[in-house]
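Here's the letter readout for the chains.
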Amino acid sequence: MAKKEVDDRFKKFGTVSFTAITKTNDFISYLEKGKVMGTKCKECGAIYFPPRSDCSKCFNSNMEWFEVTGTGRLLSFSELKYGPVGFEDDLPYTIALLDYDDYKVFGRISKDISYEDLDVGMELKTEFNTLPNGQLSYVFKSP
Amino acid sequence: MPRVAVVGVGISKFGRRKGVSLRELTFEAFKEALEDAQIKKDEIQSVITGCASDEFAMANQPGAQIQEYLGLNPKPHFRVEAACASGSMAVRAGWMTIQSGLADIVLVNGAEKMTEVSTPKATEIMGKFGDSTWEYPFGISFPGYYAMLASNYLATYKESGKTDLAKIAVKNHYYGTLNPKAHMQKIVTEEQALSGFIVAYPLRLHDCSLISDGAASIVMVSEKVAKRFDKPIWITGLGAGSETHAIGRRKSLTSLESACVAADQAYKMAGITPKDVDVAVVHDCFTIAELIAYEDLGFCKRGEAPILIRNKDTYLDGLIPVNVDGGLKAKGHPIGATGVAMTAEIVKQLRGECGERQVKGAKIGLSHNVGGSGQFTAVHIYEA
């Protein structure tokens, strides 16, 4: 009999992932289709990014997916000159936080934008990308 | 409610303690605390150890190693983990153990041995204190989290600048030279601080605390037992708070909500206001963290922390001396030890035993210890 397959899609997320399994594994399948998704509680309307499978406001687990679209305001950023084990080939890279009003998205700034050209408050968009090591991620770009 | 006192404190030398293990470091602090309290080991009734990381210890149950090495079996013992606030949460647990009536004499240890691993490995371990599912895959580092707070702070308060961060490093390095237990005994000038290499923009080398080894121990007792001790220092206020794990769910990047609620609780419990504090130790894991702490603790208004440091108001002779032991910046930051060492420093200040770095006539002290990038904060208030 075939071994029961383990749904460990999440290990494909980011340069190095320490999580293999979550109830939000569909996030990865959406990424594969080029979509960055969050979740919304069908009961109380609470919006979550990163996505959650359970609502911490009303304790329901009846969630639906929504796509991160449009632009967010750059809240903060930092260019890292040193990184953890496994990120050596990526350095230096710029991490950042975008504010979409209803939620915020943490991630990296596209390599084609220098941190010196960044200003807190500027508009950026979130886009799916594939990393050089084949892993899936998303990145912030000029709109 | 009866009070709880600290009657003995000990701190190991902080630094790159090559050739000394975690348990041996703790033995140094423990022995000093026992001698300071002038009690016998067997009088201790219960033990709590703050230690943040099994990965740094390269073992599970690092607390059990320590308990055995101190010769304290079979007394009750457990470990407290709250990232970089593990030490202060252990002190809080010590207070609870006494107030519950379970014990009258409690030993609280804090310990961490961080220099056994390589710097990239240490960066990985610290980075994973953040959200390992959603943030770590982007390669966030611990300096990266505080750099994000710094970028936002500097953009929000236009009058603030990188020179204000440098001034924090200058102050704390200066006071580190007055503390024989400090990891770093070296003065740093503002020019040096502003030209150090970038670790995580806008934070440079001298904006970051050190990866250190160290341990601290304190003896806490109930009010009825405290009568037999010469100079008990009372813990009169405790506050604690928490913060979202993911930085993307924070209400603010210029303040730690966990610290604000912790401070509020502690001031109320002690029946004092920020103006009453004579000496404080705050969690300056990065220079920006000390600026934010001034505001979260109510030492100044929002956005005015830079003025405090420019006016040298947080120097020894200033309005509210902060981190005159060198802070985490120069004293070093062995994460599990930090909070217990903070309590030890304030106890010595309130006893008037700090020598060159003594705040004259200090009667009320405060410690502010932050875990992670704010996920756990403890504020304690002490009175002579």
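Residues numbered from 1 in each chain as written. Chains lettered and ligands numbered in written order. Predicted model: local features only at pLDDT ≥ 70, side-chain atom pairs only at ≥ 80, totals over all residues. Heavy atoms only, no water.

Q: So what's going on with the sheet that holds strand β3 (residues 63-67) of chain A? Which residues, and what values?
A: All names here are of chain A. The strand order β2-β1-β3 describes an open sheet built from three strands, whose pairing is antiparallel. With partners counted over all chains shown, the strands left at the sheet margins are β2 (47-48) and β3, one partner each. Inspection of the sheet shows strand β1 (residues 37-41) paired to β2 by two bridges, in the antiparallel sense. Bridging across to β2, T39 finds its partner in Y48. (Pairing = 2+ DSSP bridges. Helix = DSSP H or I, 4+ residues; strand = E, 2+ residues; numbered from the N terminus.)

Q: Would you mind going over empty space enclosed by the protein in detail, with residue names and values included?
A: On inspection of all chains with the given rule, the structure shows two cavities of 30 Å³ or more. Along its surface, the largest cavity is lined by F49(A), P50(A), K104(A), V105(A), F106(A), Y138(A), W134(B), E135(B), A246(B) and G248(B). If one sorts the elements of the lining of the largest cavity by residue count, strand β6 (residues 104-109) of chain A sits on top with three residues. Here the residues of the lining of the largest cavity are counted per class, giving seven nonpolar, one polar and two charged. The volume enclosed by the second largest cavity comes to roughly 40 Å³. If you trace the second largest cavity, you find it lined by Y146(B), L256(B), H283(B), A289(B), I292(B), A293(B), D296(B), H368(B) and V370(B). Elements with a contribution of two residues or more to the lining of the second largest cavity: α11 (287-296) and β10 (364-371) of chain B. It is α11(B) that provides the largest number of residues to the lining of the second largest cavity, a total of four residues. Grouping the constituent residues of the lining of the second largest cavity by class yields six nonpolar, two polar and one charged. (1 Å grid on protein atoms, 1.4 Å probe; cavity = no way out; pocket = protein on both sides within 12 Å on 5 of 7 lines; lining within 4 Å. Points joined across faces, edges and corners; volume = space filled by probe spheres on them. Nonpolar A, V, L, I, M, F, W, Y, C, P; charged D, E, K, R; others polar.)

Q: Describe the layout of surface pockets, listing the residues and the values that go with them.
A: Residue and element names in this part refer to chain B. Put simply, the largest pocket is a space of about 790 Å³. If you trace the largest pocket, you find 33 residues lining it, with T119, C208, S209, L210 and I211 closest to the centre. Among the secondary structure elements, those contributing two or more residues to the lining of the largest pocket are α5 (119-127), α6 (142-156) and β5 (198-200). The greatest single-element share of the lining of the largest pocket, amounting to five residues, is contributed by α5. Here the lining of the largest pocket spans two domains, since at least three of its residues come from each of domain 1 (4-117 + 215-233) and domain 2 (142-207 + 236-383). In this structure, the second largest pocket occupies an estimated 430 Å³ of space. (Domains from an automatic or database assignment.)

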